[in-house]
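This is what each chain is made of:
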2 protein chains.
Amino acid sequence: MDNLPKCGANYVPLTPLTFLTRASKCYANRTSIIYGNVRYTWKQTYERCCRVASSLQSLNVFKNDVVSVLAPNVPAIYEMHFAVPMAGAVLNTINTRLDANNIAIILKHSEAKVFFVDYEYQEIAKKALELLTTSKIPKIPLVVVINDIDSPTGVRLGELEYEQLVHQGNSSYIPEEITDEWDPITLNYTSGTTSEPKGVVYSHRGAFLSTLSLLLGWEMGTEPVYLWSLPMFHCNGWTFTWGIAARGGTNICIRNTNAKEMYTNIVSHNVTHMCCAPIVFNILLEAKPHEYKPLTTRVQILTGGAPPPAPLVEKIERLGFHVVHAYGLTEATGPALVCEWQVKWNELSRESQAKLKARQGVGILTLADVDVKNFDNMQSVTRDGKSIGEVCLRGSSIMKGYLKNDKANISAFKNGWFFTGDVGVIHQDGYMEIKDRSKDVIISGGENISSIEVENVIMSHKNVIEASVVAMPHPKWGESPCAFVILTKNSQIKEVDIIEHCKSNLPRFMVPKKVKFVEELPKTGTGKVQKNHLREIAKTFVVLEKSNQISKNREKPRYYDQNQEQIHALSRL
Amino acid sequence: MDNLPKCGANYVPLTPLTFLTRASKCYANRTSIIYGNVRYTWKQTYERCCRVASSLQSLNVFKNDVVSVLAPNVPAIYEMHFAVPMAGAVLNTINTRLDANNIAIILKHSEAKVFFVDYEYQEIAKKALELLTTSKIPKIPLVVVINDIDSPTGVRLGELEYEQLVHQGNSSYIPEEITDEWDPITLNYTSGTTSEPKGVVYSHRGAFLSTLSLLLGWEMGTEPVYLWSLPMFHCNGWTFTWGIAARGGTNICIRNTNAKEMYTNIVSHNVTHMCCAPIVFNILLEAKPHEYKPLTTRVQILTGGAPPPAPLVEKIERLGFHVVHAYGLTEATGPALVCEWQVKWNELSRESQAKLKARQGVGILTLADVDVKNFDNMQSVTRDGKSIGEVCLRGSSIMKGYLKNDKANISAFKNGWFFTGDVGVIHQDGYMEIKDRSKDVIISGGENISSIEVENVIMSHKNVIEASVVAMPHPKWGESPCAFVILTKNSQIKEVDIIEHCKSNLPRFMVPKKVKFVEELPKTGTGKVQKNHLREIAKTFVVLEKSNQISKNREKPRYYDQNQEQIHALSRL
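For chain A, an unreviewed UniProt entry supplies the name Benzoate--CoA ligase, peroxisomal and the organism Capsicum baccatum. Annotation of chain A in UniProt includes, under Sequence similarities (unreviewed entry), the sentence "Belongs to the ATP-dependent AMP-binding enzyme family." The record held by UniProt for chain A lists under Pathway (unreviewed entry) the comment "Phytoalexin biosynthesis; 3,4',5-trihydroxystilbene biosynthesis; 3,4',5-trihydroxystilbene from trans-4-coumarate: step 1/2."

Another aspect to go through is the overall build of chain A. In terms of regular secondary structure, chain A is built from 19 helices and 27 strands. What you see for chain A is a C-alpha radius of gyration of 24 Å, in line with the 25 Å of a compact globule of 573 residues. Judged by the C-alpha coordinates and their principal axes, chain A covers about 70 × 65 × 60 Å. Within chain A, the proportion of its 573 residues that are buried is 63%. Considering only contacts in chain A between residues 6 or more positions apart, those separated by 24 or more positions represent 68%. Counting only carbon and sulfur atoms, one obtains 48% of the accessible surface of chain A, whose full area is about 22,800 Å². The averaged location of the 58 negative side-chain charges in chain A is 2 Å from the averaged location of its 63 positive side-chain charges.

Below, the discussion takes up the environment of B:Pro184. All names here are of chain B. With respect to the helices and strands, Pro184 occurs in strand S8 (residues 184–189). Relative accessible area serves as the criterion here: at 1%, Pro184 is assigned to the buried category. Spatially, the C-alpha atoms of Pro184 and Glu123 are 30 Å apart, while their sequence positions differ by 61 residues.

Here the focus is the sheet that holds strand S15 (residues 334–338) of chain B. All names here are of chain B. The strand order across the open sheet formed by nine strands is S2-S1-S11-S10-S12-S13-S14-S15-S16, and the pairing between neighbours is mixed. Both edges of this open sheet fall to strand S2 (38–41) and strand S16 (362–363), since each of them pairs with a single strand only. Of the strands in this sheet, strand S1 (31–35), S2 and strand S11 (250–252) are in contact with helix H3 (residues 75–86), which crosses S1 at around 145°.

After a rotation of 180° and a shift along the axis of 0.1 Å, chain A superposes on chain B with an RMSD of 0.1 Å. Taken together, the rotation and translation describe the operation of a two-fold axis. Taking C-alpha positions as the reference, the residue of chain A nearest the rotation axis is A:Leu216, at 3.2 Å. Looking at the interface residues of chain A, 100% of them are also at the interface in chain B, so both copies use one shared face.

Right, let's get into the sheet that holds strand S11 (residues 250–252) of chain A. Residues and elements named next belong to chain A. The mixed open sheet is built from nine strands, whose spatial order is S2-S1-S11-S10-S12-S13-S14-S15-S16. The sheet is open, and its two borders are formed by strand S2 (38–41) and strand S16 (362–363), each paired with just one other strand. Both strand S1 (residues 31–35) and S11 contribute to a ladder of two bridges, which runs parallel. Bridge pairing links Ile33 to Asn251 in S11. Its contacts with the sheet place helix H11 (residues 278–285) against strand S12 (273–276), strand S13 (299–303) and strand S14 (321–329), and it is angled at close to 115° to S12.

A covalent bond bridging the sulfur atoms of two cysteines is what the word disulfide describes. The final tally for this structure, using the stated rule, is zero disulfides over all chains. Cysteine A:Cys7 remains unbridged, with the sulfur of B:Cys392 as its closest cysteine sulfur at 13 Å. Free cysteine B:Cys253: the closest other cysteine sulfur is in B:Cys49, separated by 12 Å.

Right, let's get into unusual backbone geometry. Residue and element names in this part refer to chain A. Even without glycine at this site, Trp238 takes up a positive phi of about 50°. Relative to the helices and strands, Trp238 resides in helix H8 (residues 235–238). For Trp238, a relative accessible area of 8% corresponds to the buried category. For Met378, which is not glycine, the phi torsion reads 60° and is therefore positive.

Attention now moves to the interface of chain A and chain B. In many reports, interface size means the accessible area that the parts give up when they come together. At the interface, 69 residues of chain A touch 69 residues of chain B. Of the roughly 5,900 Å² buried between chain A and chain B, counting both surfaces, carbon and sulfur atoms make up 55%. Three residues stand out in chain A for area buried against chain B, namely A:Met1, A:Leu4 and A:Leu365, and they jointly supply 14% of the buried area on that side. Across the pair B:Arg22 and A:Glu340 runs a salt bridge, and its minimum N-O distance is 3.2 Å. Broken down by secondary-structure element, the contributors of at least two residues to the side of chain A that touches chain B are helix H1 (17–26), helix H7 (204–217), S16, strand S17 (367–373), strand S18 (389–395), strand S19 (401–402) and strand S21 (417–426) of chain A. Ranked by residues supplied to the side of chain A that touches chain B, first place goes to H7(A) with six residues. Looking at the side of chain A that touches chain B residue by residue, the class counts come to 37 nonpolar, 15 polar and 17 charged.

Attention shifts here to the side chain of B:Arg359. Residues and elements named next belong to chain B. Counting through the fold element by element, Arg359 comes out in the loop between helix H13 (350–357) and S16. Here Asp429 takes part through its side chain, which lies 2.7 Å from a polar atom of the side chain of Arg359. Excluding anything up to four places from it in sequence, Arg359 contacts His325, Cys339, Trp345, His427, Asp429, Tyr431, Met432 and Glu433.

So, on to the pattern of salt bridges. All chains considered together, the criterion is met by 49 salt bridges over all chains. Among the ionic pairs, B:Glu181 bridges to A:Arg205, the shortest N-O distance being 2.9 Å. You can see B:Glu181 sitting in the loop between helix H6 (162–168) and S8 and its partner A:Arg205 sitting in helix H7, one on each of two chains. Assigned by exposure class, B:Glu181 and A:Arg205 land together as buried. We note a salt bridge from B:Lys373 to B:Asp371, for which the minimum N-O separation is 3.2 Å.

Looking now at helix H12 (residues 310–318) of chain B. All names here are of chain B. All of the buried residues along H12 are Ala310, Leu312, Val313, Glu314, Ile316 and Glu317. Where H12 is buried, its residues touch helix H11 (279–285), strand S13 (299–303), strand S14 (321–329) and H13. Following H12 by one or two positions, Gly320 adopts a phi angle in the positive range, close to 110°.

Residue and element names in this part refer to chain B. Extensive coverage of strand S3 (residues 66–70) is indicated by the burial of five of its five residues. Alternating positions in S3 separate into two faces, Val66, Ser68 and Leu70 on one and Val67 and Val69 on the other, with burial throughout. In the sheet, S3 pairs with strand S4 (residues 90–93) via four bridges, with the strands oriented parallel. Paired with Ser68 across the strands is Asn92, a residue of S4. Crossover connection from S3 via H3 to parallel S4: handedness right-handed. Bridging between S3 and strand S5 (residues 114–118) involves four bridges; their strand directions are parallel. Each residue of the ladder has a partner; that of Ser68, found in S5, is Phe115.

This part covers the pairing of strand S26 (residues 478–487) of chain A. Residue and element names in this part refer to chain A. The buried fraction of S26 is high, at nine of 10 residues. For strand S25 (residues 464–474) and S26, the ladder comprises 10 bridges, and the chain directions are antiparallel. Directly across from Ser468, in S26, lies its bridge partner Phe484. The turn joining S25 and S26, which pair antiparallel and follow one another in sequence, is formed by three residues. The sheet contact formed by S26 and strand S27 (residues 514–517) spans four bridges and is parallel. In the strand pairing of S27, Phe484 is matched with Lys516. Handedness of the crossover joining S26 and S27 through helix H16 (residues 495–505): right-handed.

Right, let's talk about the packing of aromatic side chains for a bit. The full count for this structure, using the stated rule, is 26 aromatic pairs over all chains. Ring centres 6.0 Å apart and planes at 75° place the aromatic pair A:Phe116 and A:Tyr162 in the edge-to-face group. Separated by 46 residues along the polypeptide, A:Phe116 in strand S5 (residues 114–118) and A:Tyr162 in helix H6 (residues 162–168) bring together distant segments of the chain. Each member of the pair, A:Phe116 as well as A:Tyr162, carries the same accessibility label: buried. Measuring from centroid to centroid gives 5.4 Å for B:Trp345 and B:Tyr431, while their planes differ by 65°, and the two rings are edge-to-face. One end of the pair, B:Trp345, is in the loop between S15 and H13; the other, B:Tyr431, is in the loop between strand S21 (417–426) and strand S22 (432–437), and 86 residues separate them in sequence. In this structure B:Tyr431 comes out as buried when scored by relative accessible area, which is 0%. Three or more aromatic residues link up through ring pairs in this structure, and these residues are A:Trp218, A:Tyr226, A:Trp228 and A:Phe240. Across from the ring centre of A:Trp341, 5.1 Å away, lies the NZ or CZ of A:Lys357, which sits over that ring. Just above the ring of A:Phe419 sits the side chain of A:Lys414; from NZ or CZ to the centre is 4.8 Å.

Reading the values: the criteria
- Within each chain, residue numbers correspond to sequence positions counted from 1 in written order.
- Chain labels run from A onward and ligand labels from 1 onward, assigned in the order the entries are written.
- Thresholds applied to this predicted model are a pLDDT of at least 70 for local features of residues and 80 or more for the giving and counting of side-chain atom pairs; totals over whole chains, interfaces and linings are not thresholded and use all residues.
- With hydrogens and water excluded, all non-hydrogen atoms of the structure serve as input to the side-chain values.
- UniProt positions are given in the numbering used here, feature names are shortened, and annotations may be inferred rather than shown by experiment.
- Secondary structure elements are taken from DSSP: a helix is a run of H or I of four residues or more, a strand is a run of E of two residues or more, and numbering for both begins at the N terminus.
- The quantity called the radius of gyration is restricted to C-alpha atoms. Its globule counterpart is 2.2 Å times the number of residues to the power 0.38.
- Exposure classes here rest on a 1.4 Å probe applied to the protein chains alone. A residue is buried below 20% of its type maximum, exposed above 50%, and partly exposed in between.
- We call two residues in contact whenever any of their non-hydrogen atoms come within 4.5 Å of each other.
- Computed by Shrake-Rupley with a 1.4 Å probe, the accessible areas treat only the displayed protein chains as cover when residues are assessed.
- In this charge count, Lys and Arg are treated as positive and Asp and Glu as negative; neither His nor the chain ends contribute.
- Each charge is placed at NZ for Lys, CZ for Arg, CG for Asp and CD for Glu.
- Paired strands are those between which DSSP finds at least two bridges.
- Only the contacting stretch of a helix is used when fitting its axis, a line to C-alpha atoms as for every element, and angles between N-to-C directions run 0 to 180 degrees.
- Each copy is superposed on the other by least squares, with the fit set by C-alpha atoms of residues at a pLDDT of at least 70 in both.
- Pairs of cysteine sulfur atoms within 2.5 Å are identified as disulfides in what follows.
- The quantity reported as buried area is the accessible area (1.4 Å probe) lost by two parts once they are put together, taken as the sum for both.
- When a carboxyl oxygen of Asp or Glu is within 4 Å of a side-chain nitrogen of Lys or Arg, the pair counts as a salt bridge.
- Any residue outside Ala, Val, Leu, Ile, Met, Phe, Trp, Tyr, Cys, Pro, Asp, Glu, Lys and Arg is labelled polar, Gly included; the first ten of those are nonpolar and the last four are charged.
- We define a polar contact as two N or O atoms separated by no more than 3.5 Å, with the added condition that, inside protein, one atom must be a possible hydrogen donor and the other a possible acceptor, whereas residues neighbouring each other in sequence contribute only through side-chain atom pairs.
- The path from the first strand over the helix to the second decides the hand: if it runs clockwise while the strands point away from the viewer, the crossover is right-handed.
- Pairing of aromatic rings covers Phe, Tyr and Trp, the last through its six-membered ring, and needs centres within 6.5 Å; plane angles under 30 degrees mean stacked, over 60 mean edge-to-face, and all others mean tilted.
- Throughout this description, the term charge over a ring refers to an Arg CZ or Lys NZ atom that lies within 6 Å of the ring centre and within 35 degrees of the ring normal.

Given below as structure tokens:
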């Protein structure tokens, strides 16, 4: 039985490229992409990808070469998710919110051979390229500008333009055969809030399996109409770049995620699905009357990046959106757990439902296992919703590894598990709930304090809009919680009110020793609060309020300027 | 990028066993199985499987050993789908409709080490074992009887009983690690209507991928309530044995698929999904008043094995069932194509819809490709809905191969494709439609006639309930169509009426030269008409009606007795 050999008929390397080939045959005349006045069918998308792939090869792009792209959610970046690997190469999508320096670091580290730049980002791309030139790397990538396909601008950044590559390419190109499903397909750099960006490599196998698992996890049926409110540069659009082809759906591409553009597209095209960070809920909720359009059908939202606060879920659902919460990270090809709804929850109050929805849920089907391990002995914690530990994952949707970063690989992969750096619990019903990033846990007098737990209590105060809690050095307890709070407009609340509120709702050791009111919190592009910045500010509170001795012990001078900048930034807002 | 190694965290062999482990953690207290008054949760099912697996190992069952089971859809056979591979062994489910001789052939060919027998099948199992003993094979399998778990009978067939293995087993057993996803998981014998049964081997990888693809293809969400109307011995229940665990659903096990048992269970447990051959539609439609219960919710039916005639689909859907049609074969781990519904079809007439639904559809997501190849030059046929050829498949859901049957493997796997032996066309919209089994095609005067096409025309006659068309030897044309027809009760239709009806609706060469009215058609357990039997009967018509010379040329005497038997069987019905 063991001797039955693999052959071309029964062992075909797994790759999401088959989804496009299949779509070009089975969904040939269905609309694949809508962008303004531009429309393509799946047959056309396939042919355009063939053309781009063949043009890449004529530019000497071959197996395992990196092709970078800096672009918003326009058709070109969607097509490149297929075209680049069809040429045997590896797609590297770059976060458009990065500065020139970080872009240059990525181009250099990835050894990108070609760099596609949307015309809107030509200035920053130029700067990044200049930085590369001065750093004297052996080969500067070839630049291809992406003009706006709907309203071309004529902007150029060198010789080459995307549509020209499409035009000159061969629509009958036969894609490079994927002979090993472990071969790389994409390279995504982590946001690097705390360190240099790390290059996360996905395999064809991982991308294929994650795509199927997420379609299942979200229960996305055939013919979805998918709004690109999530940047494709985030884990390849949480795999839905490939997933929409698998489902024969329609991609609604948009350049910006402002309220007007989202509502207009949702209503004109009967959008059924969209992904976004919870921060986008606010954009949708705060739409001005001329931007807002009432939904005509229910829109499924898959959200992640940060747990959606229960009141926010309630508000957005009242508009006709239906929220599913997922948890993931770049290293896990996007969402790794989905908060699967249970029929029996239908009978609960809206409030209880929103609380359940805020949990991270259960592993997607491709993950072989999900565990929360005790920090000290690496044993599984009790599934009681209380015992905290580090969230660990294993399965074929986990990245191949970090590119050229053995140290990071060694610390991420241990004993057959991937360590996420997130701290969580597992509830009795098997649903995981993240309590914190491990680096965000506050250790006060030897007790672990989940910053998220303190934040939830503060946010339950009627005058609080948002709160973020970080560790602040403390002479006696080592660390103690410090809260940054945004209040509702014109409220007369004082620091002591928040502290009293916490005292009534939390164990004493968890009550913040300091509450700072701010107008806005520093956030990453995906809406994650940059707690490292807040921690630096918190340290200065101690410096200002407590003895210099503590400051010397816990603070490194190199952070100081950054803190000042951050305080400045906060006070400006 | 290539140098990033596989490790335990990011390359876990794919196996459906992870679905059960996951279910035992994430759906621990949900009902996994209902059978009469018996109920288990997923935690219990997992523990029972651990116990059975550990007991198997204590019976010296190890890696790659075959464990056979002959049982209806009771909880034990469901559990064995996990327990046997958890012990590292290979599950062989045997069709309960086979005779003792075929069962003996399978036990011998598979070299089964243990043979589980449901008490209802003890007599036939005894006969099969006697045949084995007389054939002097080196090792007769160890027999374990499966008593009825809901109402134990006390029947024994040797020393061992299933619940005893559960009882004696170790609930903390740690399943054998699957180190290679290409390892075998199950062994399913084809029905062998035309030849010796062939042993089809599935790998863990193939089973895992097929399961995910079918959940997607059928759009089965979480918490399905699944009625076991399809025997689990057919391609492991078209993978839903594993799929229901993946979805945290409830398995409704039933011993018989009579109308009463099905309706009672559907209504008591709010069944959401069931699979069956179209023949089961008739059982549901012909329920007597005391057997029938009106549905309280819509029940999804996935059907296959034979294309469901459009009027039958219409009738069953009026009762509240919703039919999806799939096409598959044992070699493809069950359904390989699913007739995916398209939104735009909603606006068509019921009749047009039923016609579209009768097509076989598009490949599931795990299939890398589906093609129809010209018989002569093996090139892809034009996608025009007319050009016929052999249906070919490739992808990781195709079997590892036939066990100990090099000849069959060589003829099935050619040039990286699996050849199904089915004849079909591809429509312009990419949907495949089966026209015939290649051996059922009628070649008349050099023209290929699809027997299904002729059948469809005959079935459109208002007095026809069912029709089957096969080749009959013809002195001039080589072969010509011969129709076996079941008429509605008390109809006065004559052979000439059917022939005239065909003349008005078909090209002349496709019109049957002979129409034989029968009371019933010989069918396999899955409701497929046994055309090989009808062909033998058709040959005798020629013998009786035409010259002896033709009979001598085309007929082999060894078929003769069989024909007589068959005619006898038909006339009895």
